[in-house]
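# A closer look at the structure
Spelled out, the chains give:
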Amino acid sequence: MLDRADIIQQTITFVKETLRGAESGHDWFHIERVWNTARTIGREEQADLLVVELAALLHDIADSKFHGGDEEIGPSTAANFLNSIKVDPSISFHVEQIIRHMSFKASLGKPSFNSLEMEVVQDADRLDAIGAIGIARAFTYGDHKNRPLFDPEIQPRLNMTREEYKNNEGPTINHFYEKLLLLKDKMNTGSAKRLAAERHKFMEEYLAQFYAEWNAEK
């Protein structure tokens, strides 16, 4: 049986190798940021840190966006790996459920699972989607999907269903209104809410500058 440090190290090695060459918004550095943030929040919230760390490290091991929309490949890949290194089945199951239910699009449906550990990892992942890094990631992914930066003729689609969000291909600026600006009020923990407020304000300032430049006002 591996000890805690070995479990974490083997997971890091697996994630780094699996995500080698991944799109830069969902690569190892994204995972590392989420992992570090999740550990900080997890300590403050007195969550089970082994579950938190494993879920944070494995949460994007096989993102459905890059696997034909398959929403089970991520949870199953994570569970298969944890089972292969003989992690306690209850921990493996908990991590699998977190990965299955923590995404923004999953939150658009009826919730069927929750735990403190999921709230912690979900907050850490959402924090990485907003602020300066969140803006950079949004445009990186938009470019990856060949989406326009902005089109004044295409309005944001608000209150989308899970399937509508999954299939949405609007301009990247619309994504701010469809997701990023909504995340501040969706944070679960007090720690994340404090961090989100500043990052949210930065995005609002960025959008004001973007429109001013777009309209040749600055």
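See the structure shown above.
Parameters at a glance
Residues numbered from 1 in each chain as written. Predicted model: local features only at pLDDT ≥ 70, side-chain atom pairs only at ≥ 80, totals over all residues. Heavy atoms only, no water. Axes fitted to C-alpha atoms, helices over the stretch in contact; angles between N-to-C directions. Helix = DSSP H or I, 4+ residues; strand = E, 2+ residues; numbered from the N terminus. Parallel < 35°, antiparallel > 145°, perpendicular 65-115°, else oblique. Left-handed = near helix turned anticlockwise from the far one by under 90°. Contact = heavy atoms within 4.5 Å. Core = buried A, V, L, I, M, F, W, Y, C linked by side-chain atoms within 4.5 Å. Buried < 20%, exposed > 50% of the residue type's maximum accessible area, 1.4 Å probe, protein only.

### Considerations on the packing of helix α1 (residues 4-18) against helix α2 (residues 28-45)
Two numbers describe how α1 lies on α2: the axes approach to 10 Å, and their chain directions differ by 150°. One way to sum up the angle between α1 and α2 is to call them roughly antiparallel. The element α1 and its partner α2 pack so that their crossing is right-handed. For the pair α1 and α2, contact is made by I8, I12, V15 and K16 and by W28, I31 and W35, respectively.

### Overview of the nonpolar core
Counting residues in each nonpolar core, the largest one holds 56 residues, and the members touching the most others are L58, V95 and F176. The dominant element in this core, judged by the number of residues it contributes, is helix α3 (residues 49-58), at eight residues. Apart from the residues within four sequence positions on either side, F176 is in contact with I135, F139, L181, M203, Y206 and L207.

### Here we look at the environment of F29
Inspection of the secondary structure assignment puts F29 in helix α2. F29 gets classed as exposed once you look at its relative accessible area, which sits at 52%. Sequence-wise, F29 and H94 are 65 residues apart; in three dimensions their C-alpha atoms are separated by 24 Å.

### Considerations on unusual backbone geometry
Its identity as a non-glycine residue notwithstanding, Q46 has a phi of 60°, on the positive side. If you trace the backbone, Q46 turns up in the loop between α2 and α3. Backbone geometry places N159, a non-glycine residue, at a positive phi of 60°.

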